[in-house]
Amino acid sequence: MKIVIVDDHPLVRKGLAAVISMQQNVQFAGEAKNQREAMLVLEETQPDLVLLDLKLADESGLDIIKAARRMGFNSKFILLTSSASREDFLKAEEAGVDGYVLKEALPEELLYAIQLVGKGRKYYDPTILENKLREEAGSLTDELTPKEREVLIELGQGACNREIAAKLFISEFTVKKHVSQILAKLRLADRTQAALYANAIGLVKYEPITTI
């Protein structure tokens, strides 16, 4: 796999090249510090993958990706950035990035991202992925009625239908109806998934009772 590095800091480029050299199936094919140099290197080396910074002095790495797409390059692109902002990530997604890695990542994480993207899959930094899942989950939970949301919270705490009915002052039959609606709206298979989902999105934190 041939890789090109695009970053406006020489030390960063050297550091990335050193990390890349740790992989036997990866070849460092070239480097660039701005868009002009990047397009020349892409033309010359036809790399499989490009590691590039989101911000390059007065330029944007996204512009390089867009230009490369217009010119028909088949390279995959992984953005390396210190920005975990939702706005930057959405712009990167719109530009068609294949990976989004924060610069604080460990070398092993970057190498894993390279291998994953090289196989045709996407890779998002765990911090970015967590935020993305929370936002997607939030849009789904917005479809729940206030009572369904209460039932989901109880499910997340491990309550059975009888316990939920007693706490919310409704019948067990009504609880079952709410659970069915929750599963349908959240696209979940069963109440166990619903409980895990409630905890995963931070709606509730289940703390099992322990005995001494």
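Residues numbered from 1 in each chain as written. Predicted model: local features only at pLDDT ≥ 70, side-chain atom pairs only at ≥ 80, totals over all residues. Heavy atoms only, no water.

Under an unreviewed UniProt entry, the name given to the protein chain is Response regulator, and the source organism is Paenibacillus enshidis.

### Observations regarding the overall build of the protein chain
What the protein chain contains, in helices and strands, is 10 helices and eight strands. Counting only C-alpha atoms, the protein chain reaches 70 × 45 × 30 Å along its principal axes. Of all 212 residues assigned to the protein chain, the portion counted as buried reaches 44%. Taken as a whole, the protein chain presents about 12100 Å² of accessible surface, with 53% of it coming from carbon and sulfur. Once the 28 positive and 32 negative side-chain charges of the protein chain are each reduced to a mean point, those two points are 4 Å apart. (Helix = DSSP H or I, 4+ residues; strand = E, 2+ residues; numbered from the N terminus. Buried < 20%, exposed > 50% of the residue type's maximum accessible area, 1.4 Å probe, protein only. Areas by Shrake-Rupley, 256 points an atom, 1.4 Å probe, with all protein chains shown as cover. Lys, Arg positive; Asp, Glu negative; His and termini not counted. Charge placed at Lys NZ, Arg CZ, Asp CG, Glu CD.)

### Considering helix α5 (residues 107-118)
Since there are 3.6 residues in each turn of an α-helix, residues three or four apart along the chain are aligned in direction. Helix length check: α5 (12 residues) gives 16 Å between terminal C-alpha atoms against 16 Å at 1.5 Å per residue, within 8%. Along α5, the positions that sit buried rather than exposed are L110, L111, A113, I114, Q115, L116 and V117. Looking at the buried side of α5, the elements it contacts are β1 (2-6), α1 (10-20), β3 (49-53), β6 (76-81), β7 (99-102) and β8 (123-124). Just beyond α5, the residue with positive phi is G120, at close to 90 degrees. (Expected span 1.5 Å × (residues − 1). Contact = heavy atoms within 4.5 Å.)

### With respect to the UniProt feature "domain: Response regulatory" (unreviewed entry) in the protein chain
The UniProt record annotates "domain: Response regulatory" (unreviewed entry) at residues 2-118. Regarding residues 2-118, the helix share stands at 46% and the strand share at 26%, and the terminal C-alpha atoms are separated by 10 Å. (UniProt positions renumbered as here; feature names shortened; annotations may be inferred.)

### Some points on the side chain of N161
By the secondary structure assignment, N161 is in helix α8 (residues 161-168). Engagement of the side chain of N161 in a polar contact is seen with the side chain of R191, the distance being 2.7 Å. (Polar contact = N/O pair within 3.5 Å; in protein donor to acceptor, adjacent residues only side chain to side chain.)

### Some details on the pairing of β3
Within β3, five of the five residues are buried, which leaves it mostly tucked inside the rest of the structure. Covered by surrounding structure in β3 are L49, L51 and D53 together with V50 and L52, the residues of both alternating faces. Direction of pairing for β1 relative to β3: parallel, over a ladder of four bridges. Residue pairing for β3: I3 is matched across the bridge by L49. Both β3 and β6 contribute to a ladder of five bridges, which runs parallel. When the sheet's bridge partners are listed, L51 is paired in β6 with I78. (Pairing = 2+ DSSP bridges.)

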